[in-house]
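Tertiary structure, described
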Amino acid sequence: MKSQEINTKDNSGLKLLMVIGTAWLFDAADVALLSFIMPLLKKEMLLTDGQVGLVSSITTVGMIIGAILFGYLADKFGKKNIIIITLLLFSISNLALALTQNLPQFLLVRFITGIGLGGELPVATTIIADSFSGHRRSKMLILVDSFWAIGWILASLLAFLFMPVYGWRPTVIITSIMALYTLVIRRHLPEQTNVKNEKLNLKVAFGQIWSKDFRRATICLSVLWFIIMFTYYGMFLWLPSVLIKRGFSVVHSFKYTLLMSFAQLPGYFLAAYLMGKLSRKKVLAIYLTGTIIGAFMFATAQSEFLVVFSSCVLSFFTLGAWGIMIALTPTQYPLETRGVGIGFTQSIGRIGATIGPYLIGFSLGLGISVSTVFFYFVVGLVIGIIVLVFGMVDNDQK
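Note that the coordinates shown come from a computational prediction; the quantities given were computed from them, not determined experimentally. (Residues numbered from 1 in each chain as written. Predicted model: local features only at pLDDT ≥ 70, side-chain atom pairs only at ≥ 80, totals over all residues. Heavy atoms only, no water.)

1. Remarks on unusual backbone geometry
Peptide bonds are mostly trans, and most non-glycine residues show a negative phi. A positive phi is found at Leu46, a non-glycine position, where the angle reads about 55°. Mapping Leu46 onto the fold places it in the loop between helix H1 (12-45) and helix H2 (49-77). (Helix = DSSP H or I, 4+ residues; strand = E, 2+ residues; numbered from the N terminus.)

Shown next, in the form of structure tokens:
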């Protein structure tokens, strides 16, 4: 089965980019809003640091299930059908979140939300990967991932302008309504995004991604996704809370996070540009190194300026590295099992996303300093670079 590349001489490629970009936009808005809600939730429900870490981690537990489940279903029943289902699940559960009254209810709804979130991005990634080829595919995958930054900017504006006045519940409702609107847009996805393989067996699909031809890629991608998600979710879900612990007010931390969100965009754009100049492995190595530098700077920052500057450096390189992984992963698997390959490796990453926030909450609860906590990520990123350089073979499946 060959990839059905979209004719990029007309506006269809741009239209697809905009439609699929909404997946990243609203998923990012959800993750960002959760990071803003966490300090408010802690105060409202009288939670410990460990319980707050559990709130953020339960979402990623759902994502692990969603990534594998919906990645497989997308290969079997068509990407267009499945991406609409994941969006509905995400939107409806977010509406339910506004009605929760205690921690168990909040955790249950966030778990269901995570299933929708975890399923949506692998399916969206597969749609873009199936529609383009070569360097253009890599660039389009990074550009579609840049909508994540727009989602963070949207969430930061809501958190700074709306949430302090009306509270977090009405803010969540607004994002749910906006996400439902994209259902109208996604009805216009081209039919070639809905290729089905109803005879596909999950056991056979897993056997293929673990076969001799793809085993090495599956192992390396799983490790890299684990480290990148461990770093990203561990740092960014806790960043507003960390800034508060360093003496900044809640309002100020929202301003800083908005600035960090804007810093993400040039990180994506530079990565997309470098894709045509260097190999994906080299570009990813550069961005992982930049993330190490940013984490070290943040951990050792002693002034307001250095905290803000190092946070921007972290945003620039961490999100850029994520975008490069989005470009790298689908090209390692054939069209027939691409959804399963992306879903599985990202689900391993979600384990890191689960451990990261909880580990920070647990560590801070034990009185471990912020500086020490951030060195956890430096160690993980060094391991990631070693795996990338010595283990990863950058193939390009059609």
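2. Quick notes on the nonpolar core
Counting 132 residues, the largest nonpolar core has Ile20, Trp24, Trp148, Tyr233 and Leu284 as the members making the most contacts within it. If one sorts the elements of this core by residue count, H1 sits on top with 19 residues. (Core = buried A, V, L, I, M, F, W, Y, C linked by side-chain atoms within 4.5 Å. Buried < 20%, exposed > 50% of the residue type's maximum accessible area, 1.4 Å probe, protein only.)

3. Comments concerning the packing of aromatic side chains
Inspection of every chain in the model, using the stated rule, returns 20 aromatic pairs. Seen in terms of ring centroids, Phe226 and Phe230 are 6.3 Å apart; in terms of plane orientation they differ by 5°. Their pairing is stacked. Here Phe226 pairs with Phe230, and both are found in helix H9 (residues 215-236), just 4 residues apart, close to one helical turn. What makes Phe226 partly exposed here is its relative accessible area of 28%. By relative accessible area, which is 10% here, Phe230 ends up buried. Aromatic pair Phe230 and Phe377: ring centres 5.1 Å apart, planes at 50°, arrangement tilted. One end of the pair, Phe230, is in helix H9; the other, Phe377, is in helix H15 (residues 370-391), with 147 residues separating them in the sequence. Ring pairs connect the aromatic residues Trp148, Trp225, Tyr232, Tyr233 and Trp322, which therefore count as one cluster. (Phe/Tyr/Trp six-rings, centres within 6.5 Å; stacked < 30°, edge-to-face > 60°.)

4. Notes on H15
The α-helix winds at 3.6 residues per turn, so residues separated by three or four positions along the chain end up facing the same way. Taking 1.5 Å per residue, 22 residues should reach 32 Å; H15 reaches 32 Å between its end C-alpha atoms and fits that length. Taken residue by residue, H15 has Val370, Val373, Phe374, Phe377, Val378, Gly380, Leu381, Gly384, Ile385, Val387, Leu388 and Gly391 as its buried positions. (Expected span 1.5 Å × (residues − 1).)

5. Focus: the pattern of salt bridges
Per the counting criterion, the structure on display carries 5 salt bridges. Here Arg169 and Glu44 are joined by a salt bridge, their closest N and O atoms 2.8 Å apart. Here Arg169, found in helix H7 (residues 168-186), pairs with Glu44, found in helix H1; they are 125 residues apart in sequence, far enough to count as distant. With a closest N to O distance of 3.2 Å, Lys79 and Asp130 form a salt bridge. Highlighted residues: Lys79 in helix H3 (residues 79-97) and Asp130 in helix H4 (residues 103-131), separated in sequence by 51 residues. Both residues of the pair, Lys79 and Asp130, belong to the buried class. (Salt bridge = Lys/Arg side-chain N within 4 Å of Asp/Glu carboxyl O.)

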